[in-house]
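Structure assessment
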Amino acid sequence: MAKETLNNIKLGIFISSGLLILIVSLYLVGRNQNFFGSNFYVRCRFSNINGLIAGNNVRFSGIQAGTVNQIQVIDDTTIEVTLLIDKKMKPYIHQNTYATIGNDGLMGNKVINLTPNMVPAPEIVDGGLLYNKKKPYTDEMMETLSNTNNNVEVLSRKLISTVEQINNSHALWSILNDTTIPKNLNVSLSNIKEATVRINDMSAVITDIAKDIRDGKGAAGSLVADEKVANDMKQAVAHINNAAQESEVMVARIDSIVKQVQQDINNGHGTAHALLKDTMLVSRLNNSMSNIEKGTAAFNKDMEALQHNFLTRGYFKKEAKKNKKAMKE
Amino acid sequence: MIIFMQLRVNVTEFCIDFNCMKIPSSLLGFFNEIGAASRFVSRYFQEVVQPRYEVKQFIKQCFLIGYRSLPLIGITGFIMGLVLTMQLRPTLIAYGVVSKLPVMVSLAIVREIGPVISALIFAGKISSSMGAELGSMKVTEQIDAMEVSGTNPFKYLVVTRVLAATLMLPVLSVLSDAIGLYGSYLGVNIRDHTSLSLYFFEVFNTLKFGDVLPAIIKTFFFGFAIGIIGCYKGYNSSKGTEGVGRAANSAVVISSLMVFIIDLITVQITDVLGLN
Amino acid sequence: MAVTDTYSPDDSTAENVVIRIAHLRKQFGTRVVLNDFNVDLHKGESLVVLGRSGSGKSVLIKCIIGLLKPDGGDIFVLGKNIADMEHAEMDQLRSRIGFLFQSNALYDSMTIRENLEFPMRHHLRNLSNSEVNDMVMKTLADVGLAHTVDMMPSELSGGMQKRVALARSLILHPEIMLYDEPTTGLDPVTGREISTLITEVQKKYSTSSIIISHDMHCVKMTGDKIAVLIEGKCYALGTYEELERSTDHNVKQFFE
Ligand SMILES: Nc1ncnc2c1ncn2[C@@H]1O[C@H](COP(=O)(O)OP(=O)(O)O)[C@@H](O)[C@H]1O
Ligand SMILES: [Mg+2]
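Residues numbered from 1 in each chain as written. Chains lettered and ligands numbered in written order. Predicted model: local features only at pLDDT ≥ 70, side-chain atom pairs only at ≥ 80, totals over all residues. Heavy atoms only, no water.

Quick look at the overall build of chain A now. If you tally the helices and strands in chain A, you get eight helices and seven strands. Taking all 329 residues of chain A together, 41% fall into the buried category. Sequence separation of at least 24 residues holds for 74% of the intrachain contacts in chain A that already meet a minimum separation of 6. As presented, chain A carries roughly 18,200 Å² of accessible surface, and 55% of it is formed by carbon and sulfur atoms. (Helix = DSSP H or I, 4+ residues; strand = E, 2+ residues; numbered from the N terminus. Buried < 20%, exposed > 50% of the residue type's maximum accessible area, 1.4 Å probe, protein only. Contact = heavy atoms within 4.5 Å. Areas by Shrake-Rupley, 256 points an atom, 1.4 Å probe, with all protein chains shown as cover.)

Okay, here's the thing in structure tokens:
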């Protein structure tokens, strides 16, 4: 019996050591092959993968980062490659990191090289898409930014001239005896004034951001890559664009009213006729004004959001400081 | 398998039928043998799942078959690792890739040499002893005695041995791989200097699941083939001392051959599956 | 002397018949070993089967215990036809039959104790260790070999091995004993010892037996009745004295 127990112990040690070695080596092999442990997927697209196959290595700046997991043909010019990347590499891979196919070793094995972008961007997400061209996203964003800025400048000029025109139209003030119009007009005007100030701010901020991106500064890169900021900006521009168009229409209408009233008075039709036309025109004017109000209000809201977005907040604060300083001087 | 079973059943008639057609009786004997072996294998699979289970005897066989084979297989693995390293070194130096020595050796050991050498040694040691042991038990009516004692001798003798061989060879093979790699590490260190951790880092950096898993899986088949052939030969050995000797001898020859055939099949399968 | 060519199996339910072999036929390939073999074993009786070497005596008792399957005829053991038996039923029946193999068939990788415990591991599974030990020691003592309990079979002489084998076949207290040439291969003195032992245990365990032998001393000592197996048939059946006096040439040659 004692001998049997001893034999069982020996057998137990024998089997356990075999299993232990097996498990440890599978773990070590797996760690190398990203089979076990924590990994995440990243996609990238190529037009030609040059014989890359599933299982090829993925290197990040030359460091083993993962393996090619899957290759799929999306359409006749696009092949999507799914990479299995070690989670430990995640903080270093950004949304603007770009992927290229290179050669590995003498045997002609293919390898995917992930190269970090100089421009900072947010960390890659699981299943995110990497680009295979250098800095496409930044270029695109810079273009958008400068377009936005141009638009904003034009709009701001238009709005300012509208406000001035309305303010300076003495004839308008004299004929409009409807009590609601001056009130509405006042609200619209104040909205417009606020909007123009903000437009100036925004223009300055965009200029700042563009400059930072060109200089390769920290937060700017991630800002450009942030979809929410880009959307907010686009939306703001669209809203203010509407407001500006409406105000142009309104200015044209006011002009025509003033001209007609003057003509009527000159032709001796009297104020009664003018008043008749007035009610019709007033309703149109009111309509325009409410549109302006809506547009500017929406724009202001967008700007508010941008001012509080943690990515752009800094820029707006800087701008406010600058404005204060300018006011003092 | 069914065809073979029928063939076995009808083999006497076949002999008569075909004699006039001059079918060599050795060919019929061959088919008869394959048919009988197939029946033996299918009986094994029937009995291995049916209770009652001879657990104690199985553990005893694991000890005898597995643990007792470790020294022999370990020494062989060690020598193979060492020798392979020393033999490969000059060639790798000539091509300027001596740093790939751990890579080459680990691939060779893990994929092929570890499993196959272990299996061959195992076949020599285990298959022959099974053939002789069961053969002599058959001849001295011990198997009949078990049967009349209410113990199913197939379960008690064959199932436990085959199962133990199937499960122990993979363990032995893994240990042999490990010992072989250590031997190779020593082989590297005869001329060069490398730390154990660096050496094994290189080894595991090279190995993929496609190298390790098929190699381990095939050892189960090796173990099964070795066990079942040894038991089949012993269990069906003819009367007399000569029959026992023949059983032991043919068990070794056939199971060694079978190891290579299974190896060939595995390499084809892994190739088709793209595991290399 | 009684030549059993007018055998009728109708009274197979007769109370004191423990084994009835009726028209038993067994062949290997084209070689017919047993052909229309008939014999009855009555309760408490010991029947000796006499036959030349290779005449099919071992085949006969292997058919009785189910190690070989008959090609024809019926074997009733303790009132039941073994051909109709399920596996479990056959196992149950085998626990009531002791079988002493010609070659002893001791498990040579086991100690004497383990050899004797082996039949119990299946049939008496719920015995405690001390009960098992008691049974082993008692049965070994019955054959006079209590001191060999922890030896290996290879350490024993031929006669001792035969006695251990006898002890192993007796350990479950079988109702029927089948002895296959118990004295063959032993020297005359040891052979006589074994024969004496067999008659002793017959009495002590009150078994009905079939004894295969061509050792006339053993036959005389152990057999109540003798069946002569010639050309696959029960050629003659009678007591020792009856057959000794037989004038039949085939029977006579055994007694010369
Ligand atoms: N398993 C078997 N296969 C083929 N032939 C057998 C088998 N067992 C016995 N025989 C044949 O049956 C005949 C009787 O054998 P057996 O009963 O052992 O003789 P004995 O009367 O000496 O005990 C022998 O000729 C033997 O060749
Ligand atoms: Mg015999």
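Next comes the rest of the description.
How two helices sit against one another is set out by the angle between their axes and by the gap between those axes. All names here are of chain B. Contact geometry of helix α6 (residues 101-139) with helix α11 (residues 241-273) gives a least axis separation of 8 Å together with a crossing angle of 155°. Between α6 and α11, the angle is such that the two are roughly antiparallel. Viewed along their axes, α6 and α11 form a crossing whose handedness is right-handed. Taken together, the residues of the contact of α6 with α11 break down into 13 nonpolar, eight polar and two charged. (Axes fitted to C-alpha atoms, helices over the stretch in contact; angles between N-to-C directions. Parallel < 35°, antiparallel > 145°, perpendicular 65-115°, else oblique. Left-handed = near helix turned anticlockwise from the far one by under 90°. Nonpolar A, V, L, I, M, F, W, Y, C, P; charged D, E, K, R; others polar.)

Residue and element names in this part refer to chain C. Ligand 1 sits among Phe 28, Arg 31, Val 33, Arg 52, Ser 53, Gly 54, Ser 55, Gly 56, Lys 57, Ser 58 and Val 59. One of the side-chain nitrogen or oxygen atoms of Arg 31 is found 2.8 Å away from an oxygen atom of ligand 1. One of the backbone N or O atoms of Ser 55 is found 3.3 Å from an oxygen atom in ligand 1. Protein burial of ligand 1: of its 550 Å² of free accessible surface, 60% is covered by the chains. Elements with a minimum of two residues in the shell around ligand 1: β2 (31-42) and α1 (57-65). Element by element, the count of residues in the shell around ligand 1 is highest for α1, at three residues. Of the residues assigned to the shell around ligand 1, the class counts are three nonpolar, five polar and three charged. (Near = heavy atom within 4 Å. Polar contact = N/O pair within 3.5 Å; in protein donor to acceptor, adjacent residues only side chain to side chain.)

Before going further, it helps to examine the pattern of salt bridges. One pass over the full model with this rule turns up 23 salt bridges over all chains. Between Arg 111 of chain B and Asp 211 of chain B there is a salt bridge, with the nearest N and O atoms lying 2.6 Å from each other. In this pair, Arg 111 of chain B sits in helix α6 while Asp 211 of chain B sits in helix α10 (residues 209-235), placing the two residues 100 residues apart along the sequence. The exposure class assigned to Arg 111 of chain B is partly exposed, which follows from its relative accessible area of 27%. The class of Asp 211 of chain B is buried, set by a relative accessible area of 7%. Between Glu 242 of chain B and Arg 246 of chain B there is a salt bridge, with the nearest N and O atoms lying 3.2 Å from each other. Of this pair, Glu 242 of chain B and Arg 246 of chain B both sit in helix α11, four residues apart, which is roughly one turn of that helix. For Arg 246 of chain B, a relative accessible area of 46% corresponds to the partly exposed category. In the salt-bridge network here, residues are joined through shared partners; they are Arg 43, Arg 45 and Glu 80 of chain A. (Salt bridge = Lys/Arg side-chain N within 4 Å of Asp/Glu carboxyl O.)

Residues and elements named next belong to chain C. Strand order in this open sheet of four strands is β2-β1-β4-β5, and the pairing throughout is antiparallel. Strands with a single pairing partner mark the edges of an open sheet, and in this sheet they are β2 and β5 (80-81). Two strands pair when backbone bridges link them, and strand β1 (residues 17-28) and β2 are joined in this way by eight bridges, in the antiparallel orientation. What sits directly across from Phe 28, in β2, is Arg 31. (Pairing = 2+ DSSP bridges.)

If pLDDT is low for a region, its predicted coordinates should not be looked at in detail. In this model, chain A carries an average pLDDT of 73, and 65% of its residues clear a pLDDT of 70 or more. The spread of mean pLDDT over the elements of chain A runs between helix α5 (residues 218-225) of chain A, the lowest at 56, and strand β4 (residues 78-86) of chain A, the highest at 87. (pLDDT = per-residue confidence, 0-100.)

To continue, consider the interface of chain A and chain B. Every contact between the two is made by 20 residues of chain A and, on the other side, 21 residues of chain B. Surface buried jointly by chain A and chain B totals about 1,900 Å² across both partners, of which 81% is contributed by carbon and sulfur atoms. Taken together, chain A and chain B are joined by zero salt bridges. Inspection of the chain A/chain B interface yields zero residue pairs in polar contact (both at pLDDT 80 or more). The residue makeup of the side of chain A that touches chain B, split by class, is 10 nonpolar, eight polar and two charged. (Buried area = accessible area lost by both parts, 1.4 Å probe.)

Between its terminal C-alpha atoms helix α5 (residues 158-170) of chain C stretches 18 Å, which fits the 18 Å expected from 13 residues at 1.5 Å a residue. Those residues of α5 of chain C that are buried lie in contact with α7 (142-148) of chain B together with β6 (97-100), α3 (112-123), α4 (129-142), β7 (176-180) and α6 (188-205) of chain C. (Expected span 1.5 Å × (residues − 1).)

Further remarks concern the packing of aromatic side chains. A ring pair, where both rings are aromatic, is described by two values, the distance of the centres and the angle of the planes. For the structure on display, the rule yields 18 aromatic pairs over all chains. Relative to Phe 31 of chain B, the ring of Phe 30 of chain B lies with its centre 5.7 Å away and its plane at 55°, an arrangement referred to as tilted. Over the aromatic face of Phe 118 of chain C sits the side chain of Arg 121 of chain C, whose NZ or CZ is 4.9 Å from the ring centroid. Here Arg 168 of chain C stacks its cationic end above the ring of Tyr 107 of chain C, 4.6 Å away from the centre of that ring. (Phe/Tyr/Trp six-rings, centres within 6.5 Å; stacked < 30°, edge-to-face > 60°. Lys NZ or Arg CZ within 6 Å of the ring centre and 35° of its normal.)

This brings us to a positive patch on the surface. Taken together, Lys 3 of chain A together with Lys 60, Arg 68 and Lys 125 of chain B make up a surface patch of like positive charges. Here Lys 60 of chain B lies in helix α4 (residues 55-65). Look at Lys 60 of chain B and you get partly exposed, because its relative accessible area is 39%. (Patch = residues over 30% accessible without salt bridge, like charges linked within 9 Å, V, L, I, M, F, W, Y side chains within 5 Å. Lys, Arg positive; Asp, Glu negative; His and termini not counted. Charge placed at Lys NZ, Arg CZ, Asp CG, Glu CD.)

The interface is formed by 21 residues belonging to chain C together with 15 residues belonging to chain B. Three residues stand out in chain C for area buried against chain B, namely Tyr 107, Phe 118 and Arg 121 of chain C, and they jointly supply 28% of the buried area on that side. Counting across the chain C and chain B interface gives four salt bridges. Breaking the side of chain C that touches chain B down by element, the ones donating at least two residues are α1, α2 (87-94) and α3 of chain C. Top contributing element to the side of chain C that touches chain B by residue count: α3 of chain C, with five residues.

Once that is clear, we can look at the nonpolar core. In terms of nonpolar packing, the biggest core is built from 87 residues, with Phe 122 of chain B together with Ile 19, Ile 21, Ile 64, Val 77, Leu 178 and Ile 210 of chain C touching the most fellow members. At 13 residues, the largest contribution of residues to this core is made by helix α8 (residues 153-191) of chain B. The residues contacting Phe 122 of chain B, other than those within four sequence positions of it, are Ile 65, Ser 69, Ile 73, Ser 127, Ala 165, Leu 169, Leu 172 and Ile 226 of chain B. Ranked by size, the runner-up nonpolar core spans 41 residues in total, among them Val 136, Val 149, Ala 167 and Val 251 of chain C. (Core = buried A, V, L, I, M, F, W, Y, C linked by side-chain atoms within 4.5 Å.)

A separate point is the pairing of β4 of chain A. Residue and element names in this part refer to chain A. Of all nine residues in β4, nine are buried; the element is thus mostly enclosed. Burial of β4 is two-sided: the residues Thr 78, Glu 80, Thr 82, Leu 84 and Asp 86 facing one way and the residues Ile 79, Val 81, Leu 83 and Ile 85 facing the other way are all buried. With eight bridges connecting them, strand β1 (residues 39-46) and β4 associate as antiparallel partners. By the bridge assignment, Val 42 is partnered in β4 with Leu 83.

The next point concerns the pairing of strand β3 (residues 46-51) of chain C. Residue and element names in this part refer to chain C. The element β3 is extensively covered by neighbouring structure, given that six of its six residues are classed as buried. Here β3 shows no split at all, with Ser 46, Val 48 and Leu 50 on one side and Leu 47, Val 49 and Gly 51 on the other all buried. Examined bridge by bridge, β3 and strand β8 (residues 208-212) share four bridges and lie parallel to one another. Bridge assignment links Val 48 to a residue of β8, and that residue is Ile 211. Where β3 and strand β9 (residues 225-230) come together, five bridges link them in parallel fashion.

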